[in-house]
Amino acid sequence: MAFDDAYRALTDHDDDARWAYGTGFADPFAGVPTELPAGVDPADLAAYCLMLGDDALIMSHRLQEWVTRAPELEDELALANIALDLLGQARLLLTRAGQAEGSGRDEDTMAFRREAAEFRHVCLAERADADFAHLVARLLVLSTWRLAAFDRLTASRDPMLAAVAAKGIKEITYHRDYAAQWVVRLGDGTELSHARMAAAAEAIAAPAGELFRPHEVEIRLAAAGVAVDPSTLRAEFDAVLGQVLTAATLDPHIFDTEMYAPADCGAAATMPPGPGAPGGRPPSGRDGEHTAALHDILTEMQSLARAVPGGAW
Amino acid sequence: MLRSSSPGAAADPTAATPGGVLPDAAGVVGAVVDPELPMLTLTELGVVRDVRQDGDEVVVTITPTYSGCPAMDSIRADIRAALLQAGYEQVDVRTVLAPAWTTDWISESGKRKLAAAGIVPPGPAPRRAAGPVPLTLTARATPADCPRCGHADTEVLAAFGATACRELRRCRACREPFERVKEI
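What you are looking at is a predicted structure, and each value in this text was computed from that prediction instead of being measured.

Caption draft 1: Looking closely at the overall build of chain A. Helix and strand content of chain A: 11 helices and zero strands. In sequence order, chain A lays out its α and β elements as α-α-α-α-α-α-α-α-α-α-α. The buried share of chain A, reckoned over its 313 residues, is 55%.

Here it is as structure tokens:
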């Protein structure tokens, strides 16, 4: 194609998806078959896709905040690349959630028009980072869990989840390597970096327990061959974390905790109560129970879309 | 024949053939280049998985390199525009996610073009053994010769480059930086 005349190239074609950025950011599943697997509650599948999609969307947002603030330019590129991968995974999963619930809500509606109580990520994803050690500790925990989960989801009966997982594994593998290498570098570094890496790991150890507490939706879908029961990921997670923490000269048992309470997320008491959880189990991020940190994220992430509904540029 | 009397038409697969005969759709799609690596066509990159022509309708199947690839919409639009310009009126560009893209799908000619542009092409993608995905705690020591001076003594400056698929390296001999496409 000829692009000798920039203006002509911009206006030549009657399609609004001409540019990757700006108007017409098209459906990421354009042309992909969208049938749901038989015998699966569509509401459960939608909720599960939101769990995995919101983990990625909210962590991606937190990673993006570090661009221009990282120790080195090379790390800003790395964090931006990782954030972009997670945003891509979120786009696919939020789109799938909209298809499953049959509501017609697309990825943008899911990201920009939901209230805090409708988000289903774990609180570890929304947690603000006190320093760079907190960021790499969170990234290590979340990507180790996600890699183990996606590895099993390649066998999901939902072909879309299986495809997203198979593709995502390649990406999360280097996300986890990047985070692990930084944890080792800081833990096995100076006295100061060791102390701050240890403090970061200890601070997120209790919230990390939320990842392994199965939600009713996960249990039902795991029985149907669609999802993975997160409690089955614990052994692989412990083995990986033990390897990293040992190399980082940190206590390899920091994350050996089954304990988790919403208060571990931080300022849960300042939030309006979420929809709650059935069966008397304490509510979690998977039920829409979040901290004030999510309000900060949503205020920034959704402000433009809410101020200018349907806006494009 | 009209075609033989119009020199250049055969060499330019994107030009509509005089006399109403549409050019080969696979040839038209095969000439569309990648927006991020414009020295490569999308076919050489392995993004184009299939081109099917049924009369006036063309169905093109593409796959993203990475989940977050921001160029997918641009790629779809470029393929569509090339086919419309060639005279096709019904164009359907579909996306497939499985099997997931791998650098092994970059063709030999694609790898030669990358090398000619000063970007070291990827080696074979890693094959994973059964069991959990192994953790890598030390930077991979992938060998790569300097594309400028040919020296083998090169180092990784940054594992993440301008796009997700590229790393930044430097030659210790001539000190010049260069890029390498990572295996995935």
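Caption draft 2: Representation of the packing of helix α6 (residues 132–153) of chain A against helix α7 (residues 159–187) of chain A. All names here are of chain A. Look at α6 against α7: their axes get within 7 Å of each other, and the N-to-C directions meet at 150 degrees. By the angle between their axes, α6 is roughly antiparallel relative to α7. When you trace α6 past α7, the crossing you get is left-handed. By residue class, the composition of the contact of α6 with α7 is 21 nonpolar, five polar and three charged.

Caption draft 3: Structural view of the pairing of strand β1 (residues 48–54) of chain B. Residue and element names in this part refer to chain B. Alignment of β1 against strand β2 (residues 57–62), held across six bridges, turns out to be antiparallel. If you follow D54 over to β2, its bridge partner there is E57. Linking β1 back to β2 in an antiparallel pair, the connection comprises two residues, with G55 at a positive phi of about 65 degrees.

Caption draft 4: Here's a closer look at the side chain of E126(A). Residue and element names in this part refer to chain A. With respect to the helices and strands, the residue E126 is situated in helix α5 (residues 123–126). Of the side chains bearing the opposite charge, R62 lies closest to the buried E126, which forms no salt bridge; the N-O distance is 7.3 Å. If we skip the residues at most four places from it in the chain, E126 touches I58, R62, H121, R138, H290, T291, A293, L294 and I297.

Caption draft 5: Quick look at the sheet that holds strand β5 (residues 154–158) of chain B. All names here are of chain B. Read across the open sheet, the four strands follow the order β4-β7-β6-β5; overall the sheet is mixed. The sheet is open, and its two edges are formed by β4 (119–120) and β5, each paired on a single side. Pairing geometry for β5 and strand β6 (residues 166–171), over four bridges, is antiparallel. Note on β6: the bridge partner recorded for T154 is C171.

Caption draft 6: Here's a closer look at the interface of chain B and chain A. On the side of chain A, 50 residues touch chain B, which itself brings 41 residues to the contact. Each partner contributes to the roughly 3600 Å² buried at the junction of chain B and chain A, and carbon and sulfur atoms together form 60% of this total. There are one salt bridge connecting chain B and chain A. Taken together, the connections running from chain B to chain A amount to 11 residue pairs in polar contact (both at pLDDT 80 or more). For the side of chain B that touches chain A, the leading source of residues is helix α3 (residues 72–85) of chain B, giving eight residues. A per-class count over the side of chain B that touches chain A returns 23 nonpolar, 12 polar and six charged.

Caption draft 7: Representation of the nonpolar core within the structure. In terms of nonpolar packing, the biggest core is built from 129 residues, with Y48(A), F255(A), I79(B) and L83(B) touching the most fellow members. Residues lining this core come from more than one domain, with at least three contributed by each of domain 1 (6–117) and domain 2 (141–184) of chain B. Apart from residues lying up to four places away in sequence, Y48(A) is in contact with L153(A), L161(A), V217(A), E218(A), L221(A), A227(A) and V228(A). Core analysis: the second largest hydrophobic core is formed by five residues, V120(B), A144(B), C146(B) and F178(B) among them.

Caption draft 8: Expanded view of the packing of aromatic side chains. On inspection of all chains with the given rule, the structure shows seven aromatic pairs over all chains. Judged by centre distance (6.3 Å) and plane angle (85 degrees), the rings of F237(A) and F255(A) are edge-to-face. Of this pair, F237(A) sits in helix α10 (residues 234–247) while F255(A) is found in the loop between α10 and α11 (292–307), placing the two residues 18 residues apart along the sequence. When its relative accessible area of 5% is taken as the criterion, F255(A) is described as buried. Seen from their ring centres, Y66(B) and W101(B) are 6.4 Å apart, and the 45 degrees between their planes marks the pair as tilted. With Y66(B) in the loop between β2 and α3 and W101(B) in the loop between β3 (90–95) and α4 (108–116), this residue pair connects regions lying 35 residues apart in the sequence. No difference in accessibility class separates Y66(B) from W101(B), as the two residues are buried. A network of ring pairs unites the aromatic residues W66(A), F132(A) and W182(A) as a single cluster. Between the NZ or CZ atom of R185(A) and the centre of the ring of W182(A), over which it lies, the distance is 4.1 Å.

Caption draft 9: Structural detail: the state of the cysteines. Per the counting criterion, the structure on display carries zero disulfides over all chains. Between C165(B), a free cysteine, and C69(B), which holds the nearest cysteine sulfur, the sulfur-to-sulfur gap is 8.9 Å.

Caption draft 10: Representation of the sheet that holds β2(B). All names here are of chain B. Strand order across the open sheet formed by three strands is β1-β2-β3, with mixed pairing between neighbours. For this open sheet the edge positions go to β1 and β3, each flanked by a neighbour on one side alone. Averaged over all pairs of adjacent strands, the angle between their axes in this sheet comes to 15 degrees, without regard to strand direction.

Caption draft 11: Quick peek at the environment of K182(B). Residues and elements named next belong to chain B. When you line up the elements, K182 lands in the segment after β7 (177–181). Taking the C-alpha atoms as reference points, K182 and A159, separated by 23 residues in sequence, lie 8.8 Å from one another. Dropping the residues within four chain positions of it, K182 is found in contact with T103, P122, A159, F160, A164, C165, R166 and E167. A distance of 2.5 Å separates a polar atom in the side chain of K182 from the backbone oxygen of A159.

Caption draft 12: Spotlight on α7(A). All names here are of chain A. Between its terminal C-alpha atoms α7 stretches 40 Å, which fits the 42 Å expected from 29 residues at 1.5 Å a residue. For α7, the principal kink sits at I169 and spans about 35 degrees. The buried count for α7 comes to 24 of 29 residues, which makes it a mostly enclosed element.

Caption draft 13: A look at the packing of α7(A) against α10(A). Residues and elements named next belong to chain A. Axis separation between α7 and α10 bottoms out at 8 Å; the angle between their running directions is 35 degrees. The element α7 and its partner α10 pack so that their crossing is right-handed. Between α7, through R176, A180, V183 and V184, and α10, the contact on the second element is made entirely by V240, V244 and A247. Across the contact of α7 with α10, the residue classes break down as six nonpolar, no polar and one charged.

Caption draft 14: Broad picture of the environment of S303(A). Along the chain, the position of S303(A) falls in helix α11. For S303(A) and F112(A), which are 191 residues apart along the polypeptide, the C-alpha to C-alpha distance reads 8.3 Å.

The rules we used
- Residues numbered from 1 in each chain as written.
- Chains lettered and ligands numbered in written order.
- Predicted model: local features only at pLDDT ≥ 70, side-chain atom pairs only at ≥ 80, totals over all residues.
- Heavy atoms only, no water.
- Helix = DSSP H or I, 4+ residues; strand = E, 2+ residues; numbered from the N terminus.
- Buried < 20%, exposed > 50% of the residue type's maximum accessible area, 1.4 Å probe, protein only.
- Axes fitted to C-alpha atoms, helices over the stretch in contact; angles between N-to-C directions.
- Parallel < 35°, antiparallel > 145°, perpendicular 65-115°, else oblique.
- Left-handed = near helix turned anticlockwise from the far one by under 90°.
- Nonpolar A, V, L, I, M, F, W, Y, C, P; charged D, E, K, R; others polar.
- Pairing = 2+ DSSP bridges.
- Lys, Arg positive; Asp, Glu negative; His and termini not counted.
- Salt bridge = Lys/Arg side-chain N within 4 Å of Asp/Glu carboxyl O.
- Contact = heavy atoms within 4.5 Å.
- Buried area = accessible area lost by both parts, 1.4 Å probe.
- Polar contact = N/O pair within 3.5 Å; in protein donor to acceptor, adjacent residues only side chain to side chain.
- Core = buried A, V, L, I, M, F, W, Y, C linked by side-chain atoms within 4.5 Å.
- Domains from an automatic or database assignment.
- Phe/Tyr/Trp six-rings, centres within 6.5 Å; stacked < 30°, edge-to-face > 60°.
- Lys NZ or Arg CZ within 6 Å of the ring centre and 35° of its normal.
- Disulfide = S-S within 2.5 Å.
- Expected span 1.5 Å × (residues − 1).
- Bend = angle between axes of the 7 residues up to and from the residue.

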